[in-house]
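So the chains spell out like this:
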Amino acid sequence: MRMVVLPGDGIGPEITNATSKVLRAASEHFQLGIVIEERPVGHESLRKFGTTVQPALLETVRSADGLILGPTATFDFKDEQSGEINPSKYFRKNLDLFANVRPARTYPGLRNPLGDFDLVVVRENTEGFYADRNMEQGNGEILVTPDVAISLRRITRLCCERIAKSACQLAMRRKKHLTIVHKANVLKIGDGMFLDICRATAQGFPGLAVDDILVDAMMAHVVRNPDRFDVIVSTNMFGDILSDLTAELSGSLGLGGSLNVGATHAMAQAAHGSAPDIAGRDVANPFSLILSMALLVAWHGERSGAARYEEAARAIEGAVATAIKTGQATKDVGGGLGTAATGQAVVEILASRD
C-alpha cells in the first residue's frame, strides 16, 4: 500500500508525524508493506513553490492507495489566482470525495456524563452551502453591493442519491438504523429533495429502520441522548456542524476520526483545524488523525479484500482506546503526555500485542 502524507500547517506536522509513526508500526506488525511518501502542502508549499498545492501533486495522490492530509490554514488561503488554494477543498473536489464519514464513540476511562454511545455521521461532502466547491467555475457567494451578500446552495439528485446509498450501506453493516437530518420544513425544495431521496433509497434496504429529524431539534436530541442514534446522514453544512458536536460529546474534538471517500479514492483528515495558537508546543492531540488514518487503512482492506488491513485498523483503534484508558494521552483527554509521546505510546501498545 502506497500512502501520500501531506503534513499541512499549524499543528499539522506534529500530529502527522505521530500518525506516520503509528502507521509504520502497524505496517511492520501486520506485514502491510505500507510505503509513505511525504509532500509539502499549505504554507510550506506556498513558500517553496508559490502555491499551496503543486499541480503535479494531484496525479501523485491519484496514483497512490490513500491520502493523509494534515490540518491546513484554510482561512489564510483567499486568492487561488495567487496560488492560495484550499488543500482540503482541492482534494475533495478533484478526487470527488463525496462522503465524509465521521464516527464518534465514548471510551472507557474517559468520563462522559451522557453515557456510552457509538454513532457515525455521514455527511455529503461536495456541494451544499460550501461556496468554494458548489460551482463549476467561480464562487457560490456574490457581493451585490458593499452591504448585500448572497450565498448560493447547490443540491443535486446525484449527490443526494450517492450519499444516501453510502449511509444506508453503512447502517446495514451496523445496527440497521438510519436517521436523516434536514431542514425541509423551511428549505422545502433543496432539503425536501434530499429527504425524499434518502427515504426512497432506504426502501431498497430491507430491515433498515429509518427516521428523520429537523437539524435544530437534532442538536437537542443528540446532547440529551446520543445513544439513541447509530448512522446519521445529512447535507454538507449540517453534517459538518453535527459531526463536530458528536466528536466533542465523545470527550474531545481531538477524538473525531474523519474519512473522505469517493468511488476510487479516500483521504484521511482530522476533524479539527490547524490550531496555530498551540503549534510547536507539543500539546496537540494526535488521536483524531490517527483514528482517521485507521479508517483509511480499513477502507483499503475492504476495497482490496485483504483482511490484514482491517485487522490492523481495529488494532490501531484499540491501541488508542488503551492509551486513553491508561492515561497515555494528551491533557484534553485526561492524560499528561505531549503529542510525540502520545503517538509513541500508541506505537508501544501496538508492539505489545500478541
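Presented here is an overview of the structure given in this document. These numbers come from a predicted model, not from an experiment. (Residues numbered from 1 in each chain as written. Predicted model: local features only at pLDDT ≥ 70, side-chain atom pairs only at ≥ 80, totals over all residues. Heavy atoms only, no water.)

## A few points about the overall build of the chain
Secondary structure summary: the chain contains 11 helices and 12 strands in total. A compact globule built from 354 residues would reach a C-alpha radius of gyration of about 20 Å, and the chain, at 20 Å, matches this within 12%. Its C-alpha atoms give the chain principal-axis dimensions of roughly 55 × 50 × 40 Å. Counting across all 354 residues of the chain, residues that qualify as buried make up 55%. In the chain, of all internal contacts separated by at least 6 residues, the share reaching a separation of at least 24 is 73%. Approximately 15,300 Å² of the chain is accessible, and the part contributed by carbon and sulfur atoms is 52%. (Helix = DSSP H or I, 4+ residues; strand = E, 2+ residues; numbered from the N terminus. Rg over C-alpha atoms; globule rule 2.2 N^0.38 Å. Buried < 20%, exposed > 50% of the residue type's maximum accessible area, 1.4 Å probe, protein only. Contact = heavy atoms within 4.5 Å. Areas by Shrake-Rupley, 256 points an atom, 1.4 Å probe, with all protein chains shown as cover.)

## Topic: the packing of helix H7 (residues 215–224) against helix H8 (residues 236–249)
Two elements in contact, H7 and H8, have axes whose closest approach is 11 Å; the angle formed by their N-to-C orientations is 10°. Taken together, H7 and H8 sit at an angle that is classed as roughly parallel. The segment H7 lies against H8, with Val215, Met218, Met219, Val222 and Val223 engaging Phe238, Ile241, Leu242, Leu245, Thr246 and Leu249. Residue classes in the contact of H7 with H8 are distributed as 10 nonpolar, one polar and no charged. (Axes fitted to C-alpha atoms, helices over the stretch in contact; angles between N-to-C directions. Parallel < 35°, antiparallel > 145°, perpendicular 65-115°, else oblique. Nonpolar A, V, L, I, M, F, W, Y, C, P; charged D, E, K, R; others polar.)

## Some details on H8
In a regular helix each residue adds 1.5 Å, so 14 residues correspond to 20 Å; H8 covers 20 Å between its end C-alpha atoms and thus fits that length. Along H8, the residues that are buried comprise Asn236, Phe238, Gly239, Asp240, Leu242, Ser243, Thr246, Ala247 and Leu249. Looking at the buried side of H8, the elements it contacts are strand S4 (99–105), strand S5 (118–124), strand S8 (177–182), helix H6 (190–202), H7 and strand S10 (231–234). A positive phi of about 140° marks Gly251, the residue just after H8. (Expected span 1.5 Å × (residues − 1).)

## Examining the sheet that holds strand S11 (residues 259–261)
The strand order across the open sheet built from 10 strands is S2-S1-S3-S12-S11-S4-S5-S10-S8-S9, with neighbouring strands paired in mixed fashion. Among the strands making up the open sheet, the edge pair consists of strand S2 (35–38) and strand S9 (209–214). Geometrically, the sheet is characterised by an average inter-axis angle of 25° between neighbouring strands, direction not taken into account. Relative to strand S12 (residues 266–269), S11 is paired through three bridges, and the arrangement is antiparallel. When the bridges of S12 are listed, Val261 appears paired with Ala266. Its contacts with the sheet place helix H5 (residues 157–173) against S4, S5, S8 and S10, and it is angled at close to 165° to S5. Docked against the sheet, H8 engages S4, S5, S8 and S10, running at close to 155° with respect to S5. (Pairing = 2+ DSSP bridges.)

## Description of the packing of aromatic side chains
Counted by the stated rule, this structure contains one aromatic pair. Judged by centre distance (5.2 Å) and plane angle (85°), the rings of Tyr90 and Phe91 are edge-to-face. Of the two residues, Tyr90 and Phe91, neither departs from the other in class, the shared state being buried. Sitting above the plane of the Tyr107 ring, Arg105 keeps its charged end 4.2 Å from the centroid. Over the ring of Tyr130 we find Arg123; its NZ or CZ atom is 5.3 Å from the centre of that ring. (Phe/Tyr/Trp six-rings, centres within 6.5 Å; stacked < 30°, edge-to-face > 60°. Lys NZ or Arg CZ within 6 Å of the ring centre and 35° of its normal.)

## Concerning the pattern of salt bridges
Throughout the structure, instances matching the rule amount to 15 salt bridges. Among the ionic pairs, Asp191 bridges to Arg153, the shortest N-O distance being 2.7 Å. Within this pair, whereas Asp191 is found in helix H6, its partner Arg153 is found in the loop between strand S7 (148–151) and H5, the two being separated by 38 residues in sequence. Of the residues examined, Arg153 reaches a relative accessible area of 22% and is grouped as partly exposed. Residues participating in the shared-partner salt-bridge network are Arg102, Arg123, Asp240 and Asp244. (Salt bridge = Lys/Arg side-chain N within 4 Å of Asp/Glu carboxyl O.)

## A short note on the side chain of Asn260
Structurally, the position occupied by Asn260 is in strand S11. Since its relative accessible area comes to 0%, Asn260 is described here as buried. In this view, Asn260 contacts Arg92, Leu97, Ala99, Asn100, Asn125, His265, Ala266, Met267 and Gln269; residues no more than four positions away in its chain are not counted.

## Overview of the nonpolar core
Ile68, Leu178 and Phe287 are the most contacted members of the largest nonpolar core, which has 75 residues in total. Discounting residues that sit within four places of it in the chain, Ile68 has contacts with Met3, Val4, Val5, Leu6, Leu23, Ala268, Leu289, Met293 and Leu296. Counting residues in hydrophobic clusters, the runner-up holds 16 residues, among them Leu6, Leu67, Tyr90 and Met267. (Core = buried A, V, L, I, M, F, W, Y, C linked by side-chain atoms within 4.5 Å.)

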